[in-house]
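Survey of secondary and tertiary structure
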Amino acid sequence: MRSILLLLLSAVPIALPAQQPAFSLPAAPPVAAKSYLLLDLNSRQALAAQLPQQRVEPASLTKLMTAYLTFAALRQRRISLDQAVPVSERAWRAQGSRMFIEPRKPVTVNELIYGMIVQSGNDACIALAEAVAGSEEAFVELMNREAQRLGLKNTQFANSTGLSHPQHYSTAQDLAELAAAVIRDFPDYYPLYSRKEYRYNNITQYNRNRLLWTDPSVDGMKTGYTENAGYCLITSAARGERRLVSVVLGAASETARAVESQKLLNYGFQSYDGVRLYPGKQAVATLPVYKGSANGVKAGFISDFHVTMPRGTGDKLKATVESMQPLLAPLTVGQTIGTMTIMLDGKPYRQVPVVALEDVPVAGILGRGWDTLRLLFR
């Protein structure tokens, strides 16, 4: 049996990307792209998607992972911003977009980061890969290991740049998660993605993300193009306390990828509201516990819990919390102990796990014995 606690919530719904609610959501605009996804970062809800798990070439969107590992190496002090990096012939001769580093001209990690992010330099990526891991091949191993750790189930890298390769692929869903990880894990470096231009070796190059010039809420992230991938763009925008990430893959032109990304962002901000439903570590229920030093445990969310709902539907929200019964001690903080089901207008909208907010050790022998009898007669 399950113990059910009914909660009435006054302002917010939730949608699980893997489920289709039984009611009508705001109609998303048509998007001219091979695949796309719009993600609300606070609630982790997908607001619109088409073929989000279809494998595609990620082109220069690959550089988000190259940047992620570079930022991690900086945090771990394995490299430093002012460190001089030798330019190998392999980096110097890189194909595609370049920042124009040269073998006998000193370049720092900091300069290479700007060259990678703003100028999308393939030469910068290879030089950074060699600085972090010793070789691009070793760096690619780190990329794939990190992809697994981040839960990117349909992603595999073969290089640090995004050049076409049969074993180099990702999906709109995985790329949205990767972009979210960069924003979440490296907030000090994320502002680099709003830089509109960068000059190196007497050559000024401009960021190819056109929305940085046309939408003041857009502050990142990355463009990509190969003949096979088409024109791709990951865009991040913040309006108020909400941040959305759009992934558009396989558009027909530079203009098209910007226009289609803008459509998605406007749809997400105008058709949905985002609310912090519960602050982190606040109990939303107390669930019964057997064989523990306490008869109940506080349940909730470790971090702030946000929901995104169709605009104007907050008064139609209800939620239930079901505990995993029988709930037996010992329990530890962060352990999943139940499920919150959120209903919108009487229909399922989202299910999320709730966790223990406190430890509950095992009871003594008498307490365990008494609860064993109680369980027999449940």
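Residues numbered from 1 in each chain as written. Predicted model: local features only at pLDDT ≥ 70, side-chain atom pairs only at ≥ 80, totals over all residues. Heavy atoms only, no water.

1. As for the layout of surface pockets
Computed from the structure, the second largest pocket encloses a volume of approximately 240 Å³. Per-element tally for the lining of the second largest pocket: the top contributor is strand S8 (residues 218-226), with five residues. Residue classes in the lining of the second largest pocket are distributed as four nonpolar, ten polar and five charged. (1 Å grid on protein atoms, 1.4 Å probe; cavity = no way out; pocket = protein on both sides within 12 Å on 5 of 7 lines; lining within 4 Å. Points joined across faces, edges and corners; volume = space filled by probe spheres on them. Helix = DSSP H or I, 4+ residues; strand = E, 2+ residues; numbered from the N terminus. Nonpolar A, V, L, I, M, F, W, Y, C, P; charged D, E, K, R; others polar.)

2. A closer look at helix H6 (residues 172-185)
For H6, which comprises 14 residues, the first-to-last C-alpha distance of 20 Å matches the rise-based estimate of 20 Å (1.5 Å per residue) to within 8%. Burial analysis of H6 places eleven of its 14 residues in the buried class, which makes it a mostly covered element. Those residues of H6 lying buried are Ala-172, Asp-174, Leu-175, Ala-176, Leu-178, Ala-179, Ala-180, Ala-181, Val-182, Ile-183 and Asp-185. Elements that come into contact with the buried residues of H6 comprise strand S2 (35-40), helix H1 (63-75), S8, strand S9 (230-239) and strand S10 (242-251). (Expected span 1.5 Å × (residues − 1). Buried < 20%, exposed > 50% of the residue type's maximum accessible area, 1.4 Å probe, protein only. Contact = heavy atoms within 4.5 Å.)

3. Re the pattern of salt bridges
Under the counting rule described, the total for this entry stands at 13 salt bridges. Here Asp-185 ties to Arg-184 by a salt bridge, and the two come within 2.8 Å at their closest N and O atoms. Residue Asp-185 is classed as buried on the basis of its relative accessible area of 18%. Relative accessible area serves as the criterion here: at 49%, Arg-184 is assigned to the partly exposed category. Among the salt bridges present, the one from Glu-254 reaches Arg-210, with a minimum N-O distance of 3.7 Å. With Glu-254 in helix H8 (residues 254-271) and Arg-210 in the loop between strand S7 (203-206) and helix H7 (211-214), the pair connects residues that are 44 residues apart, well separated along the chain. Using a relative accessible area of 32% as the deciding quantity, one classes Glu-254 as partly exposed. (Salt bridge = Lys/Arg side-chain N within 4 Å of Asp/Glu carboxyl O.)

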